[in-house]
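Structure assessment
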Amino acid sequence: MNENTQKLNLKREIGLVSAVSLIAGTMIGSGIFMSPQWVLYHIGSPGGSLVIWAACGLLAMLGSLSYAELGTVIKESGGEYIYILRTSGPLPAFLLAFTSMLVVRPASIAGIALSFAEYAVAPFYQGCPPPELVVKFVAAACILLLAIANCLNVRGSMSIQVFFMAAKLISLVVIIIGGVVMLINGHTSSFQNAFQGTIVGINPIGMAFYQGLWSYDGWNNLNYVTEELKRPEVNLPRAVMIAIPLVTVLYLLVNISYLAVMTPTELMSSSAVAVTWGNKVLGGWSWLMSVAAALSSFGSLNGTFFSGGRLCYVAAREGHMPDILSMAHVQRLTPSPALIFSTAISLLVLIPGNFKSIVNFFSFTAWFFYAITLSGLLYLKLKKRHLPESYEVPVVIPIIVIIAAVFLVLAPIIDDPGIEYLYVSLFILSGVMFYIPFIHFKLCPNFLTKATVFLQLFLEVAPTEKNTD
Ligand code: ARG
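Keep in mind that this is a model prediction, so the values were computed, not measured.

1. Details of the overall build of the chain
- On a plain count of helices and strands, the chain comes out with 18 helices and two strands.
- Viewed in the frame of its principal axes, the chain has a C-alpha envelope of about 70 × 50 × 45 Å.
- Taking all 469 residues of the chain together, 57% fall into the buried category.
- Sequence-distant contacts, at least 24 apart, represent 84% of the contacts inside the chain between residues at least 6 apart.
- About 19,200 Å² of surface is accessible on the chain, with carbon and sulfur atoms providing 69% of the total.
- Distance between charge centres in the chain, computed from 24 positive and 22 negative side chains, equals 5 Å.

This is the structure:
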């Protein structure tokens, strides 16, 4: 690396509105259009399903309040990665970066892109499922488009975020209004004996939570970009307190609307619940629902890209990933190498990827690392490492979230130990094989240094430094 290069900083460009859109706009994505029937299926009753949706919202709220404290104590970008690094040390942080960059992020990008594609092509294939190749092609195009937008400039990708956030808010409000009209017209049968048939068991509850929490995932998104946020100590907690309750209320009302329009059985047998809803309420205009669901996934994907690229970039900056990934474009100031890397892996995952299994693996792995991150917060709280201006939450909040996270990780294993969860755990551990030679012993293969110099010139990128102003 050239020591004389003037170091670059990513700018603080994110204000409160963008911050709220970055959280809410990522949270509201494919899930609310895909998971309601699965939550209902696992828990067995409309009442139970609404309780799960509310509980997921509460968990996201408590989690993000705890993260807001982490973000104001450790003011660096990088989300879980940087918090685990600063509290639990380099090995667990590396394992997180490794798993997240190679599997979790690309898988979620691929998953959301697939749901975008399913809904985007649905109006052209009425009455029959679209060919898989077409869906995957559209998904790949969507990934590439957003990758380019995110490489071009930060403000541009933030505008995309705000625009799509507005679009999906409108579509959710349309669903809610439709539901209210149906309720006023007496469609309340789903809510009579609402808890009848509730299935109480560790595995069903865990699985229902996995599906619900997928829709809420993204609650931690702002913590990936703390260094680009204006006045993080104020805006981080504020954005969380606006975005999460907003999303929770919307999700609950949308679910009530689905249940007002469909019977629980209809809901469970629908493959794309928003389209079924549209057919019943909007008649000839039902294609609007496909468009809305596609737009919603598109916006969420943009947010996922935005934060995913940041994680990769911060890990590289700390020496846990090749140097090139920590650099930013000299004029555009976007971390393009990290974004290009995420894109390439996401496209690979897209080839065999399937939406449903992605959600379960995502939740399992994500909550495993959320628990480790929050244990770090507990440690900081015990050590009282606080800055005067940092935001603090009562200690019971992270404790509740940790207990919930441990339950979520153990639930599927205890009740019904699937071999896939063993694979995921082994994959996480396999990171140790890379950690020992490359990070611990700092063995840097010669070709990597050469490749870095070449790519640096080719991509017009330069090293960046932490933004501490
Ligand atoms: N909640 C989003 C959805 O419903 C998925 C978010 C994926 N996770 C993330 N951190 N971006 O589609």
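2. Overview of the side chain of Thr99
- Residue position: Thr99 is located in helix α6 (residues 90-121).
- Among the residues examined, Thr99 registers a relative accessible area of 2% and is labelled buried.
- In contact with Thr99, not counting residues within four places along its chain, are Val104, Thr365, Phe369, Phe427 and Ile428.

3. Things to note about the site of the ligand
- Close contacts around the ligand come from 14 residues, with Met27, Ser30, Gly31, Trp214 and Thr304 the closest.
- Between the ligand and Ser30, the relevant distance is 2.6 Å, taken from an oxygen atom to a side-chain nitrogen or oxygen of the residue.
- Here Ser215 contributes a backbone N or O atom positioned 3.2 Å from a nitrogen atom of the ligand.
- For the ligand, whose free accessible area comes to 350 Å², the fraction covered by protein is 100%.
- Residue assignment for the shell around the ligand shows that the elements contributing at least two residues are α1 (16-27), α6, α9 (202-216) and α13 (287-317).
- Tallied by class, residues from the shell around the ligand come to four nonpolar, eight polar and two charged.

4. Topic: the packing of helix α4 (residues 46-73) against helix α10 (residues 232-261)
- Between α4 and α10, the least distance of the axes is 9 Å, while the angle of their chain directions is 170°. On the basis of their axis angle, the class for α4 and α10 is roughly antiparallel.

5. Thoughts on unusual backbone geometry
- Within the chain, Asn193 stands out as a residue other than glycine whose phi angle is a positive 50°.
- You can see Asn193 is positioned in the loop between α8 (154-184) and α9.
- The exposed category is assigned to Asn193, whose relative accessible area is 58%.
- Phi at Arg231 takes a positive value of approximately 40°, unusual for a residue other than glycine.
- Mapped onto the secondary structure, Arg231 falls in the loop between α9 and α10.
- The exposure class assigned to Arg231 is exposed, which follows from its relative accessible area of 54%.

6. Some thoughts on α6
- With 32 residues, α6 extends 44 Å from end C-alpha to end C-alpha; this agrees with the ideal 46 Å at 1.5 Å per step.
- Along α6, the largest kink reaches about 50° and is centred on Ser100.
- Counting buried positions along α6 yields 25 of 32 residues, so the element is predominantly enclosed.

7. Some thoughts on the packing of aromatic side chains
- Evaluated as defined, the whole model comprises 19 aromatic pairs.
- Look at Trp38 and Tyr41: their rings are 5.6 Å apart centre to centre, the planes differ by 80°, and that puts the pair in the edge-to-face class. One end of the pair is Trp38 and the other is Tyr41, both in helix α3 (residues 36-43) and three residues apart, which spans about a single turn.
- Between Phe94 and Phe98 the ring centres are 5.9 Å apart and the planes differ by 25°, which places this aromatic pair in the stacked class. Of this pair, Phe94 and Phe98 both sit in helix α6, separated by four residues, roughly a single helical turn. Just as Phe94 is buried, Phe98 falls in that class too.
- Through a chain of ring-to-ring contacts, the aromatic side chains of Tyr67, Tyr83, Trp219, Trp367 and Tyr370 assemble into a single cluster.

8. Topic: a nonpolar patch on the surface
- There is a patch of nonpolar side chains on the surface, built from Ile202, Val406, Phe407, Leu410, Ile413 and Ile414 and spanning about 480 Å² of accessible area.
- Element by element, the count of residues in the nonpolar patch is highest for helix α16 (residues 396-415), at five residues.
- Note that Ile414 resides in helix α16.

9. What about the nonpolar core?
- Among the nonpolar cores identified, the biggest contains 144 residues, and Phe33, Tyr81, Leu222, Tyr258, Leu301 and Trp367 are the most heavily contacted of them.
- Considering every element that reaches this core, the biggest residue donor is α6, with 17 residues.
- Here Phe33 is in contact with Tyr119, Leu172, Ile175, Tyr258, Val273, Ala274, Ala293 and Ser296, once residues within four sequence places are set aside.

10. Some thoughts on the environment of Ala54
- With respect to the helices, strands and loops of the structure, Ala54 is situated in helix α4.
- Taking the C-alpha atoms as reference points, Ala54 and Val249, separated by 195 residues in sequence, lie 8.3 Å from one another.

11. Examining the pattern of salt bridges
- The full count for this structure, using the stated rule, is six salt bridges.
- Residue Lys75 is joined to Glu233 by a salt bridge in which the shortest nitrogen-to-oxygen separation is 4.0 Å. One end of the pair, Lys75, is in the loop between α4 and α5 (80-88); the other, Glu233, is in helix α10, with 158 residues separating them in the sequence.
- Overall, the relative accessible area of 29% leaves Lys75 in the partly exposed class.
- For the salt bridge of Glu76 with Arg86, the shortest nitrogen-to-oxygen distance reads 2.7 Å. Here Glu76, found in the loop between α4 and α5, pairs with Arg86, found in helix α5; they are 10 residues apart in sequence, far enough to count as distant.
- Note on Glu76: relative accessible area 13%, which makes it buried.

12. A word on the packing of α3 against α9
- It is the contact of α3 with α9, at a shortest axis distance of 8 Å, that shows an interaxial angle of 170°. In terms of orientation, α3 and α9 fall into the roughly antiparallel class. Contacts from Trp38, Val39, His42 and Ile43 of α3 reach α9 at Pro204, Ile205, Met207, Ala208, Gln211 and Gly212.

Here is what the cut-offs are and how they apply
Residues numbered from 1 in each chain as written. Predicted model: local features only at pLDDT ≥ 70, side-chain atom pairs only at ≥ 80, totals over all residues. Heavy atoms only, no water. Helix = DSSP H or I, 4+ residues; strand = E, 2+ residues; numbered from the N terminus. Buried < 20%, exposed > 50% of the residue type's maximum accessible area, 1.4 Å probe, protein only. Contact = heavy atoms within 4.5 Å. Areas by Shrake-Rupley, 256 points an atom, 1.4 Å probe, with all protein chains shown as cover. Lys, Arg positive; Asp, Glu negative; His and termini not counted. Charge placed at Lys NZ, Arg CZ, Asp CG, Glu CD. Near = heavy atom within 4 Å. Polar contact = N/O pair within 3.5 Å; in protein donor to acceptor, adjacent residues only side chain to side chain. Nonpolar A, V, L, I, M, F, W, Y, C, P; charged D, E, K, R; others polar. Axes fitted to C-alpha atoms, helices over the stretch in contact; angles between N-to-C directions. Parallel < 35°, antiparallel > 145°, perpendicular 65-115°, else oblique. Expected span 1.5 Å × (residues − 1). Bend = angle between axes of the 7 residues up to and from the residue. Phe/Tyr/Trp six-rings, centres within 6.5 Å; stacked < 30°, edge-to-face > 60°. Patch = residues over 30% accessible without salt bridge, like charges linked within 9 Å, V, L, I, M, F, W, Y side chains within 5 Å. Salt bridge = Lys/Arg side-chain N within 4 Å of Asp/Glu carboxyl O. Core = buried A, V, L, I, M, F, W, Y, C linked by side-chain atoms within 4.5 Å.

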